[in-house]
Amino acid sequence: MKRLNILFLYAMLLTYLLTFVSCGDTATQYKNLPYKSSDGFIYNGNFYFLKNDTIEYISLSEESAQTVNLCSDPLCNHSDKTCPNYYEMIYGVPTMVIDEAESNKNKFYPVFYVSTYNNGSYQIVKFDSKNNIRDVVIDNIANPILQIWLFNDNIFYLCSEGEDGQNIYISNKYGTVPKKLDNSEKMYFWISGITDNSIIFCDYEGNIYMSPHDLSTKTYICNSVSRGNAYIFNNKLFFAKDLKVAKQIEGYNFLSCDIYYIDLGDINMSPILAIKDVSYIAVPAIFQSYNLLFYCMPNDISLIKSVFQYDPIQEKTIEVKHFKDGTSTIYSYNILNNKSSKIIGDTNELMSRFIDADDTYFIYNGYSYDIDTIGPTHITIYNYKNGSKKIID
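Brief notes about the overall build of the chain
Okay, so step 1: Within the chain, the regular secondary structure consists of two helices and 32 strands.
Okay, so step 2: When burial is assessed residue by residue, the chain has 59% of its 393 residues classed as buried.
Okay, so step 3: Approximately 16,600 Å² of the chain is accessible, and the part contributed by carbon and sulfur atoms is 47%.

Focus on the confidence of the model for the chain
Okay, so step 1: Scored by pLDDT, the chain comes out at a mean of 88, with 90% of its residues at no less than 70.
Okay, so step 2: Looking at the elements of the chain, mean pLDDT is at its lowest for helix 1 (residues 2-14), recorded as 37, and at its highest for strand 5 (residues 68-69), recorded as 98.
Okay, so step 3: Scored below 50 in pLDDT, residues 1-31 makes 110 contacts in the model with residues more than four places away or belonging to other chains.

Section: the packing of aromatic side chains
Okay, so step 1: Counting across every chain of the model gives 21 aromatic pairs.
Okay, so step 2: Taken together, a centroid distance of 6.0 Å and an interplanar angle of 70 degrees make the contact between Phe 238 and Tyr 333 edge-to-face. Note that Phe 238 is positioned in strand 19 (residues 236-249) and Tyr 333 in strand 27 (residues 330-334), a separation of 95 residues in sequence. No difference in accessibility class separates Phe 238 from Tyr 333, as the two residues are buried.

Looking at the sheet that holds strand 13 (residues 179-180)
Two orientations exist for strands paired in a sheet by backbone hydrogen bonds: parallel and antiparallel.
Okay, so step 1: The strand order across the open sheet built from five strands is 1-10-11-12-13, with neighbouring strands paired in antiparallel fashion. Looking at which strands have only one partner, the edges of the open sheet turn out to be strand 1 (35-36) and strand 13.
Okay, so step 2: Direction of pairing for strand 12 (residues 166-172) relative to strand 13: antiparallel, over a ladder of two bridges. The residue of strand 13 that forms the bridge with Tyr 169 is Lys 180.

What to know about the sheet that holds strand 28 (residues 339-344)
Okay, so step 1: Taken in spatial order, the four strands line up as 23-24-27-28 in an open sheet, and their pairing is antiparallel. Pairing within the sheet leaves two strands with one partner each, and these edge strands are strand 23 (286-289) and strand 28. On average, adjacent strands in this sheet sit at an angle of 25 degrees to one another, irrespective of strand direction.
Okay, so step 2: The pairing of strand 24 (residues 292-295) with strand 27 spans four bridges and is classified as antiparallel. Each residue of the ladder has a partner; that of Phe 294, found in strand 27, is Ser 332.

Overview of the pairing of strand 3 (residues 46-51)
Okay, so step 1: In terms of burial, strand 3 is a largely internal element, five of the six residues being buried.
Okay, so step 2: Two strands pair when backbone bridges link them, and strand 2 (residues 40-43) and strand 3 are joined in this way by four bridges, in the antiparallel orientation. Paired with Tyr 43 across the bridge in strand 3 is Asn 46.
Okay, so step 3: Hairpin connection between strand 2 and strand 3: a loop of two residues separates the two successive antiparallel strands, and Asn 44 in this loop has a positive phi of roughly 50 degrees.
Okay, so step 4: Pairing of strand 3 with strand 4 (residues 54-59) involves six bridges; the strand directions are antiparallel. Across the sheet, the residue bridging to Tyr 48 is Tyr 57, located in strand 4.

So, how was this worked out
Residues numbered from 1 in each chain as written. Predicted model: local features only at pLDDT ≥ 70, side-chain atom pairs only at ≥ 80, totals over all residues. Heavy atoms only, no water. Helix = DSSP H or I, 4+ residues; strand = E, 2+ residues; numbered from the N terminus. Buried < 20%, exposed > 50% of the residue type's maximum accessible area, 1.4 Å probe, protein only. Areas by Shrake-Rupley, 256 points an atom, 1.4 Å probe, with all protein chains shown as cover. pLDDT = per-residue confidence, 0-100. Contact = heavy atoms within 4.5 Å. Phe/Tyr/Trp six-rings, centres within 6.5 Å; stacked < 30°, edge-to-face > 60°. Pairing = 2+ DSSP bridges. Axes fitted to C-alpha atoms, helices over the stretch in contact; angles between N-to-C directions.

Listed below in structure tokens is the structure:
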């Protein structure tokens, strides 16, 4: 469990996975949707993802498809700033978000907003893949960018500010001077969602807040047992409560939590139970794609095997136990009708991180049951209509 705890926390601090992301054709049903940064997106039959500080893509439907760089210049080596699709970083990985509304108007050539490092500061740039052009949108950002959210013409972004915490800024696609939330308390915020009138965010103590788009004030809503995660759709706020030990095996505690919701139009209402017993692995094992919440449960947990590995911190060989921890089975909850269903019985892999999903494909970082090393080893594209898998190393 310690292995997965570290992975979930690391992912959350970078570009985590847990709330709104693109969802292919599903998005066309809704108006004024926010788009959230991630490191992988399903769009128009392709999967776009970050690799070696560039964006690559692969066809979802073609079995023999290979990954292709999104830069269309055949003479470009995509390895430095001469490539419009190269995003330099000092540490971590770039933060990117696809603007589906702009992409649809761009004859379905994707348009991305991406963070990058440039001469001592950070930028948010726009990459138009149809014309293979990159433009600077927001320049001279002092600190690393952890999240980017798009809502209509607004750009919300979250910066890591060292001992001053993590704070939220707003600008727009025309590069106006950014405004920021008052963070005199030096708290570590994390953006959870955006509605027509508000931005919803958490701190790392589990407190959930709302602010108008201009970030002029913040209002406390409620508290969650999950640090930095909440899920918003159709003016409903979903959050985790009731953290508990679901199972204990071989001396390891496997945790779960329950997911409740309130209406953002009545933040004082009593929370309503939506999902019981969602796996909790440092954060809830749950991922939002518009009106669907995909999640895991602490079922079918068993010891796979024990291996002995050298621990450089303890400077000795220790026993490491590998468990089948329930992350190979995926459920979905539809916010529109409050119904849950099992969509994947067994992926035959353990999952460390959700990436994206739509009504056919479920994409995640996974690794096989029998590995002896720690961590995700590949991206798995799982077609849950026919059970087929495609692996990206």
